[in-house]
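# Descriptive analysis of the structure
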Amino acid sequence: MDYNIFDEWPTEDEFAKANGLTKRQVAQMRSKPDGLPFAKRGRQIIIHMPTARDWLMKRLHHPNPTRGRGARK
């Protein structure tokens with residue numbers, strides 16, 4: 001069984017391209033205090049895909065169900 005531990009760790013460039021983002025957008029996501037988790041492999045920034053999915057899921061916004069119903073009765 002061949003398993004490369006880095007299969008789930010794309011570089012920042014690969015991550016950006018795969019998700020329709022620019023490298024700058026990914027860097028901005030990483031730079032926030034609660035930003036996108038990442039690691040370094042030498043000088044390369046790598047991003048763990050399962051962790052990135054979890055990070056994004058925690059940031060989902062749910063619309064207020066009472067908005068848009070019109071005036072209250």
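Up top is the structure these notes are about.
The sections below set out a description of the structure shown in this document. Because the structure is predicted, anything quoted here is derived from the model rather than measured.

Procedures and definitions
- Residues numbered from 1 in each chain as written.
- Predicted model: local features only at pLDDT ≥ 70, side-chain atom pairs only at ≥ 80, totals over all residues.
- Heavy atoms only, no water.
- Phe/Tyr/Trp six-rings, centres within 6.5 Å; stacked < 30°, edge-to-face > 60°.
- Lys NZ or Arg CZ within 6 Å of the ring centre and 35° of its normal.
- Core = buried A, V, L, I, M, F, W, Y, C linked by side-chain atoms within 4.5 Å.
- Buried < 20%, exposed > 50% of the residue type's maximum accessible area, 1.4 Å probe, protein only.
- Contact = heavy atoms within 4.5 Å.
- Helix = DSSP H or I, 4+ residues; strand = E, 2+ residues; numbered from the N terminus.
- Salt bridge = Lys/Arg side-chain N within 4 Å of Asp/Glu carboxyl O.
- Polar contact = N/O pair within 3.5 Å; in protein donor to acceptor, adjacent residues only side chain to side chain.

Our focus in this paragraph is the packing of aromatic side chains. Under the defined criterion, the tally for this structure stands at 0 aromatic pairs. Lying across the ring of Phe38, Arg30 places its NZ or CZ 4.7 Å from the centre. A cation sits over an aromatic face here: Arg41 above Phe6, 4.4 Å from the ring centre.

So, about the nonpolar core. Listed in full, the 7 residues of the largest apolar core are Phe15, Ala16, Val26, Leu36, Ile47, Ala52 and Trp55. If we ignore the near neighbours within four places in the chain, the residues touching Ala16 are Leu21, Thr22, Lys23 and Val26.

The subject of this paragraph is the environment of Thr51. By the element assignment, Thr51 lies in helix α3 (residues 49–57). Here the alpha-carbon distance between Thr51 and Leu36, two residues 15 residues apart in the chain, equals 8.6 Å.

A separate point is the pattern of salt bridges. Inspection of every chain in the model, using the stated rule, returns 3 salt bridges. Measuring nitrogen to oxygen at the nearest pair gives 3.8 Å for the salt bridge that ties Lys23 to Asp13. Taken together, the residues span a long stretch of sequence, with Lys23 in helix α2 (residues 23–31) and Asp13 in helix α1 (residues 12–18) at a distance of 10 residues. You can call Lys23 partly exposed: its relative accessible area is 45%. Ionic pairing is found between Asp34 and Arg59, a salt bridge with its closest N-O pair at 3.5 Å. Linking Asp34 in the loop between α2 and β1 (39–41) with Arg59 in the segment after α3, this pair joins segments that are 25 residues apart in sequence. With relative accessibility at 28%, the residue Arg59 sits in the partly exposed group.

So, on to the side chain of Thr11. Its location among the elements puts Thr11 in the segment before α1. Sequence-distant contacts of Thr11, defined by excluding residues within four places in its chain, comprise Arg41, Gln44, Ile45 and Ile46.

Glancing now at the side chain of Glu12. Inspection of the secondary structure puts Glu12 in helix α1. Here Glu12 falls in the buried class, since its relative accessible area comes to 5%. In terms of polar contacts, Glu12 uses its side chain to reach the side chain of Arg30, at 2.8 Å. Leaving out residues up to four positions away in the same chain, Glu12 has contacts with Lys23, Val26, Ala27, Arg30, Ile45 and Ile47.

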